[in-house]
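# Residue-level structural notes
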Amino acid sequence: MAKILLADDEENLREAVTIILEKAGYTVRAAADGTQAVEAFLAERPDLVILDVMMPWMSGYEVCERIRQESDDVPVLMLSAKGDIVDKKSGFHAGADDYVVKPFNDEELLLRVEALLRRRSRKGGATPSPVGQSVTIGAMTIDPRRCEVTVGERSVSLTPKEFQLLALMAESPGKVFTREDLIEMVWGDEYDTGSVSIPVYIRRIREKVEDDPSSPVYIQTVWGFGYKLGEGR
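For clarity, every value in this text was computed on a predicted model and none was experimentally measured.

## Some points on the overall build of the protein
- Scanning the protein from N- to C-terminus turns up 8 helices and 11 strands.
- Here the protein holds 233 residues, and the buried ones make up 48% of them.
- Restricting the contact set of the protein to residue pairs at least 6 apart, pairs at least 24 apart contribute 57%.

Listed below in structure tokens is the structure:
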């Protein structure tokens, strides 16, 4: 079974999450602060890392950045009591793959863990993570490392899920992604596909990146199949 590194300075929460993960069959290595987390990662080379954001010595963001210097493929799940968009953007910017806000449901945490591990296994050890090179299509540039999108000289503000969808399609310009593909790769295939409206997300992204959302040149619909990233203008 997979080995998980859990780093959180709150002892009660650390113990509770350890119990949840071990009952599910995972091997858990716990760390009480950021420095311990980095040392444990280098020593243990876990299959997945769960990081609290606010920790002594090094924050979860700093630990995540340090991990990304060593590995692009180990999934990182961030835990935080902060739920606002700025904090989430910081987590994805640091290289995190997913973000769970405290308090969280035990089952939700396990589903997120399972989804990240399965995606890593399916990719042969590589997890779809926003840490690749910048992609420029027409006047639009998508920078996964900085979680930034620009169209010409204009900076585009996207929510984390909007950015993940766009960055995913940018990895394979011209490839058609079905609605199910996008949900599985961004939300995880345990999520109820009926609870996620991909057309709504696509519309919102188009409103932010397209000059004329009704005649998109970037995110194009392939009728009867799904969506693809076009050549732009």
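We are not done yet, so read on.
## Examining helix H7 (residues 179–186)
- Buried residues of H7: Leu182, Ile183 and Val186, and no others. End-on, the buried residues of H7 take up no more than an arc of 95°, which puts them together on one face.

## A look at the packing of helix H6 (residues 160–170) against H7
- Across the interface, H6 lies against H7 with an axial gap of 10 Å and an inter-helix angle of 115°. Relative to H7, the crossing made by H6 is right-handed. Together, Lys161, Gln164, Leu165, Leu168 and Met169 of H6 and Leu182, Met185 and Val186 of H7 make up the contact between the two elements.
- Across the contact of H6 with H7, the residue classes break down as 6 nonpolar, 1 polar and 1 charged.

So, how was this worked out
- Residues numbered from 1 in each chain as written.
- Predicted model: local features only at pLDDT ≥ 70, side-chain atom pairs only at ≥ 80, totals over all residues.
- Heavy atoms only, no water.
- Helix = DSSP H or I, 4+ residues; strand = E, 2+ residues; numbered from the N terminus.
- Buried < 20%, exposed > 50% of the residue type's maximum accessible area, 1.4 Å probe, protein only.
- Contact = heavy atoms within 4.5 Å.
- Arc of directions from axis to C-beta.
- Axes fitted to C-alpha atoms, helices over the stretch in contact; angles between N-to-C directions.
- Left-handed = near helix turned anticlockwise from the far one by under 90°.
- Nonpolar A, V, L, I, M, F, W, Y, C, P; charged D, E, K, R; others polar.

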